[in-house]
Amino acid sequence: MKTNLADWTVLLVEDEVDAQDVVTSLLHQYDISVANAYSGEDALALLQSSRPTLAIIDLALPNMDGWQLLATMQSDPELAHIPAVAMTAYHSLHVAQEAIAAGFVAYFPKPINARTFVEDLVSVLS
């Protein structure tokens, strides 16, 4: 895993502009590059030409939700190795357990903890 955060590229898949702005701003504070997608379909299009260090995926996306995006990534040998982190406003212990069972490497309820979010990502990917 890359430990120099300036070498990271994060694919952020989030349909809510405010949430996307907050996470992007936090990542930029650590010199992390961010590719933003507003839907699962947008994310798959971006993944045709780039391979991020990790993907942060909102579970509640229009059309193709975060669960379907993860399953699509897992079924593609070119994308299956990309760690995916779940993020959702619909937090419950059950959803957190399902996300990890589905193959997400971590789960973050919204609103995220701005003070620890990037450190938590580093910890998860170490």
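Summarised in this report is the structure supplied together with it.

Reading the values: rules and limits
Residues numbered from 1 in each chain as written. Predicted model: local features only at pLDDT ≥ 70, side-chain atom pairs only at ≥ 80, totals over all residues. Heavy atoms only, no water. Buried < 20%, exposed > 50% of the residue type's maximum accessible area, 1.4 Å probe, protein only. Helix = DSSP H or I, 4+ residues; strand = E, 2+ residues; numbered from the N terminus. Pairing = 2+ DSSP bridges. Right-handed = clockwise from strand over helix to strand, strands pointing away. Axes fitted to C-alpha atoms, helices over the stretch in contact; angles between N-to-C directions. Parallel < 35°, antiparallel > 145°, perpendicular 65-115°, else oblique. Left-handed = near helix turned anticlockwise from the far one by under 90°. Contact = heavy atoms within 4.5 Å. Salt bridge = Lys/Arg side-chain N within 4 Å of Asp/Glu carboxyl O.

The next subject is the pairing of strand β1 (residues 9-13). Where burial is concerned, most of β1 is hidden: four out of the five residues are buried. Alignment of β1 against strand β2 (residues 33-37), held across five bridges, turns out to be parallel. For Thr-9, the partnering residue across the bridge sits in β2 and is Ser-33. Note that the unit made of β1, helix α1 (residues 17-29) and β2 has a crossover that is right-handed. As judged from the four bridges shared by β1 and strand β3 (residues 54-58), these two strands associate in the parallel manner. Across the sheet, the residue bridging to Leu-11 is Ala-55, located in β3.

Moving on to the packing of helix α3 (residues 66-74) against helix α4 (residues 93-102). One can describe the packing of α3 onto α4 by two numbers: an axis separation of 11 Å at closest approach and a directional angle of 15 degrees. Classed by the angle they form, the pair α3 and α4 counts as roughly parallel. Note on packing geometry: the crossing formed by α3 with α4 is right-handed. Along its contact with α3, which presents Trp-67, Leu-70 and Gln-74, the element α4 presents Val-95, Glu-98, Ala-99 and Ala-102.

The next thing to look at is the pattern of salt bridges. As enumerated under the stated definition, the model contains three salt bridges in all. A salt bridge links Glu-14 to Lys-110; its shortest N-O distance comes to 2.7 Å. In this pair, Glu-14 sits in the loop between β1 and α1 while Lys-110 sits in the loop between β5 (106-109) and α5 (117-125), placing the two residues 96 residues apart along the sequence. Under the relative-accessibility criterion, Glu-14 is labelled buried at 0%. Among the ionic contacts, a cluster of salt bridges with common partners joins Glu-14, Asp-58 and Lys-110.

Mapped onto the fold, Leu-12 is located in strand β1. Among the residues examined, Leu-12 registers a relative accessible area of 0% and is labelled buried. Separated by 42 residues in the primary sequence, Leu-12 and Leu-54 place their C-alpha atoms 8.7 Å from one another.

On to the pairing of β3. In terms of residue burial, β3 counts as a mostly covered element, since five of its five residues are buried. Across the two faces of β3 the burial is the same, with Leu-54, Ile-56 and Asp-58 and Ala-55 and Ile-57 all buried. Of the strand pairs in this sheet, β3 and strand β4 (residues 84-88) are connected by four bridges, and their pairing is parallel. Of the residues in β4, the one forming a bridge with Ile-56 is Val-85. The parallel pair β3 and β4, bridged by α3, forms a crossover whose chirality is right-handed.

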